[in-house]
Amino acid sequence: MATETKKLSIICFSGDFDKAVAAFTLASGAAAVNWEVNVFFTFWGLNILKKQQGRRFIGKGVLPRFFNFLMGGSRNLPLSRLNFVGISPGLMTGMMKKRNVATLPELIESAKQLNVKLIACEMAMHILGLTKADLIDEVKEIIGVPTFLEYSKNGQIIFIS
Amino acid sequence: MKYNLDVTKEHCPMTFLKVKVKLAQIAIGNILDVLLCDGEALENVPRSAKEQGQRIIETRKEGEHFHVSIEKLV
């Protein structure tokens, strides 16, 4: 059988709970069927990768610290619809567990296990005053557009907004 | 050596994902017997194993579930 490597690159612009679930379901699913997978996180998407999962005043500068506090981390991701002042992601996670569907932390863990390449946008990091140390250790690279284009060359690209 | 894995309570992508992770943990030449449900799992588990270069030894029905035996080749 020919061992042609297939490649999927996901641009995760959104920091919404449901869209993060979609991004990590695709990423871990594709990695499980031997695709090479890159997930490039930018703007709101960076909240998924923050080491501090709750609300913390992190980042360099007054405004970035304020923004980072308001946005929070992976425990504060809102549902894109019917968020009900932040109650819905917890309710949704409960429903997912009840129905034996992988939760967001499980999907993120699976993606790490399957060597999905998690990469962060240099420009968005700069705006939000974040450094690599603010993100989970699995984020090995902070890159710009040319590097992303190089990584995603000859593969499929999906933009999650 | 033969290993067993039950994914009857799992859903996409955890069905084939758990099989991939388990296959990575066992040595080449060993067999992984996966217990799974009809539908998505029965379709995706053998397909993803084949795409990884593994060999499907047999698929057999047992009650309402299925067993898929996979030999790890790579």
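Just so we're clear, the structure is a prediction, and the values are computed from it rather than from any experiment.

Here is what the cut-offs are and how they apply
Residues numbered from 1 in each chain as written. Chains lettered and ligands numbered in written order. Predicted model: local features only at pLDDT ≥ 70, side-chain atom pairs only at ≥ 80, totals over all residues. Heavy atoms only, no water. pLDDT = per-residue confidence, 0-100. Buried < 20%, exposed > 50% of the residue type's maximum accessible area, 1.4 Å probe, protein only. Helix = DSSP H or I, 4+ residues; strand = E, 2+ residues; numbered from the N terminus. Pairing = 2+ DSSP bridges. Right-handed = clockwise from strand over helix to strand, strands pointing away. Arc of directions from axis to C-beta. Contact = heavy atoms within 4.5 Å.

1. Structural notes on the confidence of the model for chain B
In the predicted model, chain B carries a mean pLDDT of 96, and the fraction of residues at 70 or more is 100%. Our summary of model confidence lists the complex with pTM equal to 0.90 and ipTM equal to 0.82.

2. Structural notes on the pairing of strand β2 (residues 36-41) of chain A
All names here are of chain A. Here β2 lies mainly inside the structure; 5 of its 6 residues are buried. Here 6 bridges tie strand β1 (residues 7-12) to β2, and the two strands are oriented parallel to one another. Within β2, the residue paired with lysine 7 across the bridge is glutamate 36. Between the parallel pair β1 and β2, the chain is carried across by helix α1 (residues 17-32), and the sense of this crossover is right-handed. Taken together, the 4 bridges between β2 and strand β3 (residues 117-121) define a ladder with parallel strand orientation. The partner of phenylalanine 41 across the bridge, within β3, is alanine 120.

3. Digging into helix α3 (residues 88-98) of chain A
Every α-helical turn comprises 3.6 residues, leaving residues that sit three or four positions apart pointing alike. All names here are of chain A. Residues of α3 that are buried include every one of Ser88, Pro89, Thr93 and Met96, and no others. Each buried residue of α3 sits inside an arc of 135° when the element is viewed along its axis, so together they form one side. When the buried face of α3 is taken as reference, the exposed residues oriented beyond 90 degrees from it are Leu91, Lys97 and Lys98. Among the residues trailing α3, asparagine 100 stands out with phi positive, at a value near 55°.

4. Describing the environment of Thr59(B)
Residues and elements named next belong to chain B. Along the chain, threonine 59 turns up in strand β3 (residues 55-62). Each C-alpha atom of the pair threonine 59 and valine 34 lies 9.4 Å from the other, and the pair is 25 residues apart in sequence. Ignoring sequence-local partners within four residues, the contact set of threonine 59 consists of Leu42, Phe66, His67 and Val68.

5. Observations regarding the side chain of Ser28(A)
Tracing the chain through its elements places Ser28(A) in helix α1. A relative accessible area of 0% places Ser28(A) in the buried class. If sequence neighbours within four positions are ignored, Ser28(A) has contacts with Leu107(A), Ser110(A), Ala111(A), Leu114(A), Pro13(B) and Leu17(B).

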